[in-house]
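One letter stands for each residue in the lines below.
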Amino acid sequence: QVQLVESGGGLVQPGGSLRLSCAASGGTLNGYAMAWFRQAPGKERAIVAAINWSGRSTYTADSVKGRFVISRDNAKNTVYLQMNSLKPEDTAVYYCAAVQGGFGVYFTSSEYHYWGQGTQVTVSS
């Protein structure tokens, strides 16, 4: 069973950048579709970006399109979320998620079977 570990969160000023990483331990991410979700206080968990097993297909939510980019390095068993031009409304706990057999891109949290513990991103001056 794959275990996911996120890193890279923190406090950043508006307009700044962060890169989140999601690494697999105890297994490989090859063959898994991956995604980043986020949950702000008092709000439901929402998808931010998703990527299929090969990295050739991706999805980015409208709220972050043009600012966030999802990518993966299967040789390193790691998925990334590059976040640029951060805004205060991007403040949330960011979660990495995985589902096996990921030829496609999946958009809802119920489709993912494995989750990381989350990493806090705070955008504030």
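Residues numbered from 1 in each chain as written. Predicted model: local features only at pLDDT ≥ 70, side-chain atom pairs only at ≥ 80, totals over all residues. Heavy atoms only, no water.

A. Molecular detail of the packing of aromatic side chains. Tallied over the full model, the rule gives 7 aromatic pairs. Both rings, one in Y32 and one in Y114, keep their centres 6.0 Å apart while their planes meet at 65°; by these two values the pair is edge-to-face. Here the residue Y32 occupies a position in strand 4 (residues 32-39), and Y114 occupies one in strand 10 (residues 114-115), the gap between them amounting to 82 residues. Ring plane angle 80° and centroid distance 5.6 Å describe the contact between F37 and Y112, whose orientation is recorded as edge-to-face. With F37 in strand 4 and Y112 in the loop between strand 9 (92-100) and strand 10, this residue pair connects regions lying 75 residues apart in the sequence. Just as F37 is buried, Y112 falls in that class too. Through pairs of rings, three or more aromatic residues link up here, namely F37, Y106, Y112 and W115. If you follow R45 out to its NZ or CZ, it ends over the ring of Y95, 3.8 Å from the centre. Cation over ring: R45 sits above W115, and NZ or CZ is 4.8 Å from the ring centre. (Phe/Tyr/Trp six-rings, centres within 6.5 Å; stacked < 30°, edge-to-face > 60°. Helix = DSSP H or I, 4+ residues; strand = E, 2+ residues; numbered from the N terminus. Buried < 20%, exposed > 50% of the residue type's maximum accessible area, 1.4 Å probe, protein only. Lys NZ or Arg CZ within 6 Å of the ring centre and 35° of its normal.)

B. Layout of the nonpolar core. In terms of nonpolar packing, the biggest core is built from 30 residues, with L4, M34, W36, L81, M83 and Y94 touching the most fellow members. At the level of elements, strand 3 (18-25), strand 4, strand 5 (46-51), strand 7 (68-73), strand 8 (78-83), strand 9 and strand 11 (119-123) are the ones that each hand at least two residues to this core. Apart from the residues within four sequence positions on either side, M34 is in contact with L4, C22, L29, A50, I51, I70, R72, V79, C96, A97, A98 and Y112. In this structure, A33, A50, A97 and V105 belong to the second largest nonpolar core, which totals 9 residues. (Core = buried A, V, L, I, M, F, W, Y, C linked by side-chain atoms within 4.5 Å. Contact = heavy atoms within 4.5 Å.)

C. Examining the pairing of strand 8 more closely. Of all 6 residues in strand 8, 5 are buried; the element is thus mostly enclosed. Pairing geometry for strand 7 and strand 8, over 6 bridges, is antiparallel. Each residue of the ladder has a partner; that of F68, found in strand 8, is M83. In this antiparallel pair of consecutive strands, strand 7 and strand 8, the connection spans 4 residues, and N77 shows a positive phi of 55°. (Pairing = 2+ DSSP bridges.)

D. Molecular detail of the sheet that holds strand 8. If you trace the 4 strands from one edge of the open sheet to the other, you get 1-3-8-7, paired in antiparallel fashion. With partners counted over all chains shown, the strands left at the sheet margins are strand 1 (3-7) and strand 7, one partner each. Neighbour-to-neighbour, the strand axes of this sheet turn through a mean angle of 20°, independent of strand direction. (Axes fitted to C-alpha atoms, helices over the stretch in contact; angles between N-to-C directions.)

E. The pairing of strand 11, seen in detail. Here strand 11 shows a buried face lined by T119, V121 and V123 and an unburied face lined by Q120 and T122. Pairing analysis gives 3 bridges linking strand 2 (residues 10-12) to strand 11, with the strands arranged parallel. By the bridge assignment, G10 is partnered in strand 11 with V121. The sheet contact formed by strand 9 and strand 11 spans 3 bridges and is antiparallel. Paired with Y94 across the strands is T119, a residue of strand 11.

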